[in-house]
Amino acid sequence: MDHNTLTECLECGLLQHSAPLPAGGSSECPRCGCVLHRDRPDSLNRTLAFTLAGIVLFIVANSFPFLSFSMQGQATQTTLVTGVVDLYQGGNWFIAGVVLFTSVLAPGLQLALLLVVLIPLKLGRMPAWLPRIFRFVRTLTPWGMMDVFMLGILVSVVKLAEMATIIPGISLFAFGVLILVLAAAQSALDPDLVWSRMPVLTDTSPPVRPGDDHRVCGVCELLVHPSAAVRDGRRLRCPRCTDVLHRRKPKSLQRTWALVLAAIVFYVPANLLPIMTVTSLGRTQSDTIYSGVIFLMAHDMWPLALVVFIASIFVPLLKLLILVVLLISVQLRSAWSARERTRLYRITETIGRWSMVDIYVVTILVALVRLGNLASIQAEAGAIFFCGVVIITMLAAMSFDPRLIWDVLEREHVGAPPGSGKRASRLGEQPV
């Protein structure tokens, strides 16, 4: 896999041997249960095929209208970027930027950069810039939210069904297929295989042995002896992907606390202030997140109402509570259920992106309902605060280092420095 046989779990810091995997097999960390590696058969060919199909679908999805709105003889059409433009022109530049990045730029760049990586690999060429490009692909992955955008489209159609006629366009179908193709490409991609074929600048460096001082790259997972790291002033960089190396995420607790507190401050106005104002036939109504859920319930859309309630109200609150529990437990040096706390951390990384659904609903409605005094929708201050909550909580989860949960146990039982691997022999099936 790598140029040595050891690997370190990025969630608990356990140093362990990496055994060859059977076709389609996977390996888990014996201490925290994190999936370390998966074998994906014929990964390069399958990922390349899905990527090429995704690029074609992405062009189609962004070239034609995906929804049309017709009311009393007047009609409007919207593309994926129409709502972004309308939000920006209405002064909501922050929401416009977030929606543009998460629904268009991040998925598009991910597909384009992935193609740039896969073609040289298929041709057997390894240009020096290839690892950096693949590092950007991995960084963009959590920010692509096309599947959440599709849920936003569904909610928007339900909200507008009684007001006017909604006609789906060719781009909507291309967009739906694109979501499936992009998911298939991510499932087929074997990052371990890609990284194993990329050059390491200091490949002749001494291998990491149990008890050695070392760093593990948070992007390509390469174990690096300090003498093998590339020096950038006072910083050490990975000799394969050039990411900055740290024993642990720098100032993880301080940064996570700051982001969590900021999200809590934003959460209150996000739920109290209206997120949009609807004007229809001279009547004006302002909607909060709660009133949007009540609207769906009143129209017997219970499954959709439940989804929106969970994604927009329950998930942000749950994520904040989990992060607070994790931060307090680490600062109190708690030994309570480290494995379960690590699972809680995984939950925060997985669920946070789905809270963007209400922001996408506002974006779509603003783009579709543009009929002047007859009917119009405007984004309000609540949408800005709620968008801030989603982005800040995602950043907070990324800044928290789950290995801190286990470092407390290592120091208490062994007195070893974090990441030394000295306690591994007590905790796993294949530890060092």
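Note that the structure is a prediction, hence the values are computed from the model and not measured. (Residues numbered from 1 in each chain as written. Predicted model: local features only at pLDDT ≥ 70, side-chain atom pairs only at ≥ 80, totals over all residues. Heavy atoms only, no water.)

(A) Spatial organisation of the pairing of strand 4 (residues 35-38). When strand 3 (residues 26-28) meets strand 4, the two strands line up antiparallel, connected through three bridges. Residue pairing for strand 4: Ser26 is matched across the bridge by Arg38. Hairpin connection between strand 3 and strand 4: a loop of six residues separates the two successive antiparallel strands, and Gly33 in this loop has a positive phi of roughly 85 degrees. (Pairing = 2+ DSSP bridges. Helix = DSSP H or I, 4+ residues; strand = E, 2+ residues; numbered from the N terminus.)

(B) Spatial organisation of the packing of aromatic side chains. Inspection of every chain in the model, using the stated rule, returns seven aromatic pairs. Here Phe66 and Phe149 contribute two aromatic rings whose centre-to-centre distance is 6.3 Å and whose plane-to-plane angle is 65 degrees, an arrangement assigned as edge-to-face. Residue Phe66 is located in the loop between helix 1 (43-61) and strand 5 (67-71), and its partner Phe149 is located in helix 5 (residues 146-160); the two are separated by 83 residues in the primary sequence. Accessibility expressed as a relative area gives 1% for Phe149, which makes it buried. Taking the centre distance of 5.9 Å and the plane angle of 45 degrees together, the rings of Tyr345 and Phe400 count as tilted. Taken together, the residues span a long stretch of sequence, with Tyr345 in helix 11 (residues 338-351) and Phe400 in the loop between helix 13 (381-399) and helix 14 (403-413) at a distance of 55 residues. What links up through ring pairs into an aromatic cluster is the set Phe66, Phe149, Phe175 and Tyr360. (Phe/Tyr/Trp six-rings, centres within 6.5 Å; stacked < 30°, edge-to-face > 60°. Buried < 20%, exposed > 50% of the residue type's maximum accessible area, 1.4 Å probe, protein only.)

(C) Focus on helix 1. An ideal rise of 1.5 Å per residue puts 27 Å on 19 residues; helix 1 measures up with 26 Å between its terminal C-alpha atoms. Regarding helix 1, the residues found buried are Ser43, Leu44, Thr47, Leu48, Thr51, Gly54, Leu57, Phe58 and Ala61. Considering only its buried residues, helix 1 is in contact with helix 3 (93-123), helix 6 (170-188) and helix 7 (191-196). (Expected span 1.5 Å × (residues − 1). Contact = heavy atoms within 4.5 Å.)

(D) Region of the structure containing the packing of helix 10 (residues 302-331) against helix 11. Where helix 10 contacts helix 11, the two axes come as close as 10 Å, and the packing angle between them is 145 degrees. Between helix 10 and helix 11 the crossing geometry is left-handed. Between helix 10 and helix 11, the contacting residues are Val315, Leu318, Lys319, Ile322, Leu323, Leu326, Ser329 and Val330 on the first element and Arg341, Leu344, Tyr345, Ile347, Thr348 and Ile351 on the second. (Axes fitted to C-alpha atoms, helices over the stretch in contact; angles between N-to-C directions. Left-handed = near helix turned anticlockwise from the far one by under 90°.)

(E) Broad picture of the environment of Ile322. Relative to the elements of secondary structure, Ile322 occurs in helix 10. A relative accessible area of 6% means that Ile322 is categorised as buried. For Ile322 and Arg341, which are 19 residues apart along the polypeptide, the C-alpha to C-alpha distance reads 8.8 Å. Once residues lying within four places of it in the same chain are set aside, the contact partners of Ile322 are Leu344, Ile347 and Thr348.

(F) A look at the state of the cysteines. Under the counting rule described, the total for this entry stands at zero disulfides. Note on Cys220: no disulfide assigned, nearest cysteine sulfur contributed by Cys238 at a separation of 3.5 Å. Judged by its relative accessible area of 2%, Cys220 is buried. Left unpaired, Cys241 is separated from the closest cysteine sulfur, that of Cys217, by 3.3 Å. (Disulfide = S-S within 2.5 Å.)

(G) Focus on helix 11. The first and last C-alpha atoms of helix 11 sit 20 Å apart over 14 residues, in line with the 20 Å expected at 1.5 Å per residue. Residues of helix 11 that are buried include every one of Ala338, Arg341, Thr342, Tyr345, Thr348 and Ile351, and no others.

(H) Quick look at unusual backbone geometry. Even without glycine at this site, Asp42 takes up a positive phi of about 50 degrees. A relative accessible area of 47% places Asp42 in the partly exposed class. Even without being a glycine, Ser337 presents a positive backbone phi close to 40 degrees. Residue classification places Ser337 among the partly exposed residues on the basis of a relative accessible area of 29%.

(I) Structural context of the packing of helix 10 against helix 13. Axis separation between helix 10 and helix 13 bottoms out at 11 Å; the angle between their running directions is 35 degrees. In terms of crossing hand, the pair formed by helix 10 and helix 13 is left-handed. Each of Ser312, Pro316, Lys319, Leu320 and Leu323 in helix 10 lies in contact with helix 13, whose residues at this interface are Phe386, Val389, Thr393, Met394, Ala396 and Ala397. Of the residues contributing to the contact of helix 10 with helix 13, the split by class is eight nonpolar, two polar and one charged. (Nonpolar A, V, L, I, M, F, W, Y, C, P; charged D, E, K, R; others polar.)

(J) Structural view of the environment of Arg237. Tracing the backbone shows Arg237 in strand 11 (residues 235-237). Spatially, the C-alpha atoms of Arg237 and Cys217 are 8.5 Å apart, while their sequence positions differ by 20 residues. In this structure, Arg237 is in contact with Ala229, Val230, Asp232, Thr242, Asp243, Val244 and Leu245, ignoring residues within four places of it in sequence. Of the polar contacts made by the side chain of Arg237, one reaches the backbone oxygen of Thr242; its length is 2.7 Å. (Polar contact = N/O pair within 3.5 Å; in protein donor to acceptor, adjacent residues only side chain to side chain.)

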